[in-house]
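# Structural description and commentary
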Amino acid sequence: MTLVINTPNTDFPVPTGIFAQVVTSVEHFTDQLFKFRISRPDSFRFRSGEFVMIGLPNAEKPVFRAYSIASPSWDEEIEFYSIKVEDGPLTEYLQKIKVGDTVLMRKKPTGTLVNDALLPGKRLWMFSTGTGIAPFASLIRDPDTYEKFDEVILTHTCRKVAELTYGQQLVAAVKDDPLCGEFAQGLRLYSTTTREDYPFQGRITDLMASGKVFTDLGVPPISAEIDRGMICGSMAMLHDTKAALIGFGLAEGSNNRPDTFVVERAFVD
Ligand code: A2P
């Protein structure tokens, strides 16, 4: 008989406003990157692309950090994609989690990388570096994204080739997925590296400035009539990518005031 563990394992009462959930799978990609999945509380609702605060029951006052939810809003589990930081207050412990362990999650998701914060358009660009791909892992698995946009281009730039694996596996799986596969035919992944040889190389900002990304993909340069953008990465990447989109005539939107692009930083440090 298989024993399904679904009870929180904490040494202190879980405060209201926090879910205690069970880890259902862990996969390590490199010595710095891993993904894990937790059970989903029945009452937990979120919009694909949002983030939530997570922590571990390893202290009376657990450290919480914002994590983008990498799974789509219809999924029965919640997925996260994380870096491992040696002395990171949370990731030092999080990187050691195993199936059956407990993860704490605050009940309120939020965020601006949501389809509702963009005006309708034809082509959606998702610009990511490193673990900034996480919210897009959610959005590319949501049929709503393909209802709103005919074409979806996910760009993912990392220092090294091995860091691209999560995104590549994900896009391949989306295209094969019985639920999303039929919608996701308009999805394309553009992966580049900056510190190792790879067929496509360079920062996405440089590739937009030179026009190479558009030539490589066979699409016209970004315009406010056709294109919409979402950006997730480090502070510097957000700043520079945002400036590039403004240069193409796009304007930043929010939940209250949808426009032609939206920005979210990749939070974990
Ligand atoms: P680079 O190797 O040239 O710094 P990080 O791990 O530092 O967040 O970087 C992840 C990826 O994002 C790297 O490929 C890095 O390129 C790229 N990157 C870093 N800063 C920027 C920026 N300001 N604009 C665009 N890409 C950036």
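Residues numbered from 1 in each chain as written. Predicted model: local features only at pLDDT ≥ 70, side-chain atom pairs only at ≥ 80, totals over all residues. Heavy atoms only, no water.

### Some remarks on the side chain of Asn115
- Position of Asn115 relative to the elements: it lies in the loop between β6 (102-106) and β7 (123-129).
- In this structure the side chain of Asn115 is engaged in a polar contact, spanning 3.2 Å, whose partner is the side chain of Thr145.
- Those residues in contact with Asn115 that lie beyond four places of it in its chain are Leu124, Leu139, Asp144, Thr145, Lys148, Phe149 and Met230. (Helix = DSSP H or I, 4+ residues; strand = E, 2+ residues; numbered from the N terminus. Polar contact = N/O pair within 3.5 Å; in protein donor to acceptor, adjacent residues only side chain to side chain. Contact = heavy atoms within 4.5 Å.)

### Digging into the site of the ligand
- Taken together, Thr129, Thr157, Cys158, Arg159, Thr194, Arg195, Arg203, Thr205, Ser234, Ala236, Met237 and Asp240 make up the full set of residues adjacent to the ligand.
- Arg159 is positioned such that a nitrogen or oxygen atom in its side chain is 2.9 Å from an oxygen atom of the ligand.
- Residue assignment for the shell around the ligand shows that the elements contributing at least two residues are β8 (151-158) and α7 (235-247).
- A per-class count over the shell around the ligand returns 3 nonpolar, 5 polar and 4 charged. (Near = heavy atom within 4 Å. Nonpolar A, V, L, I, M, F, W, Y, C, P; charged D, E, K, R; others polar.)

### Observations concerning the domain arrangement of the protein chain
- Here the protein chain is partitioned into domain 1 (18-106) and domain 2 (115-263).
- Computed from C-alpha coordinates alone, the two centres of domain 1 and domain 2 are separated by 23 Å.
- Surface buried jointly by domain 1 and domain 2 totals about 1,600 Å² across both partners, of which 59% is contributed by carbon and sulfur atoms.
- Together, Arg47, Trp74 and Tyr81 form the three largest contributors to the area buried by domain 1 at its contact with domain 2, with a combined 36%.
- Here domain 1 and domain 2 share 2 salt bridges between them.
- One salt bridge connects Asp116 with Arg47, and the closest N-O pair in it is separated by 3.2 Å.
- Joining domain 1 to domain 2, the criterion identifies 10 residue pairs in polar contact (both at pLDDT 80 or more).
- Contributions of two or more residues to the side of domain 1 that touches domain 2 are made by β2 (33-39) and β5 (77-83).
- With 4 residues, β5 is the largest single contributor of residues to the side of domain 1 that touches domain 2. (Domains from an automatic or database assignment. Buried area = accessible area lost by both parts, 1.4 Å probe. Salt bridge = Lys/Arg side-chain N within 4 Å of Asp/Glu carboxyl O.)

### Notes on the nonpolar core
- Ranked by size, the top nonpolar core spans 30 residues in total, and within it Met126, Phe136, Ile140, Tyr166, Leu187 and Met230 carry the most contacts.
- Counting residues per element, the ones that place at least two in this core are β7, α2 (134-139), β8, α4 (165-176) and β10 (227-233).
- Taken together, domain 1 (18-106) and domain 2 (115-263) each give at least three residues to this core, which thus spans both.
- If we skip the residues at most four places from it in the chain, Met230 touches Leu113, Val114, Asn115, Leu118, Leu124, Trp125, Met126, Phe127, Phe136, Leu139 and Val262.
- One finds Ile153, Met208, Ile222 and Phe261 within the second-largest nonpolar core, a separate group that totals 20 residues. (Core = buried A, V, L, I, M, F, W, Y, C linked by side-chain atoms within 4.5 Å. Buried < 20%, exposed > 50% of the residue type's maximum accessible area, 1.4 Å probe, protein only.)

### A look at the pattern of salt bridges
- Applying the stated rule across the entire model yields 12 salt bridges.
- When the shortest N-O distance is used, the salt bridge between Asp75 and Arg37 registers 2.9 Å. Taken together, the residues span a long stretch of sequence, with Asp75 in the loop between β4 (65-68) and β5 and Arg37 in strand β2 at a distance of 38 residues.
- One salt bridge connects Glu50 with Arg47, and the closest N-O pair in it is separated by 3.2 Å.
- Residue Arg47 is classed as partly exposed on the basis of its relative accessible area of 30%.

### Here we look at the environment of Thr155
- Among the secondary structure elements, Thr155 is positioned in strand β8.
- Looking at Thr155, the relative accessible area reads 0%, which means it is buried.
- Taking C-alpha positions, Thr155 is 7.6 Å from Ile204, a pair spaced 49 residues apart along the chain.

### Comments concerning the sheet that holds β4
- Taken in spatial order, the 6 strands of this open sheet run β4-β3-β6-β1-β2-β5, and their pairing is antiparallel. Strands at the two margins of the open sheet, each flanked by one partner only, are β4 and β5. On average, each strand axis in the sheet is inclined to that of its neighbour by 45°, with strand direction left out of account.
- The sheet contact formed by strand β3 (residues 51-55) and β4 spans 4 bridges and is antiparallel. When the sheet's bridge partners are listed, Met53 is paired in β4 with Ala66. (Pairing = 2+ DSSP bridges. Axes fitted to C-alpha atoms, helices over the stretch in contact; angles between N-to-C directions.)

### Some points on the confidence of the model for the protein chain
- Scored by pLDDT, the protein chain has a mean of 92; 94% of the residues are at 70 or more.
- Segment residues 1-6 is flagged for pLDDT under 50; beyond a separation of four residues in sequence, or across chains, it makes 3 contacts in the model. (pLDDT = per-residue confidence, 0-100.)

### Remarks on α4
- Given a rise of 1.5 Å per residue, 12 residues ought to cover 16 Å, and the 17 Å separating the end C-alpha atoms of α4 matches this to within 8%.
- Within α4, burial applies to Tyr166, Gly167, Leu170, Val171 and Val174. For α4, the angular spread of the buried residues around the axis is 125°, confining them to a single face.
- Those residues of α4 that are buried lie in contact with β2, β5, α2, α3 (143-148), β8 and β9 (187-193). (Expected span 1.5 Å × (residues − 1). Arc of directions from axis to C-beta.)

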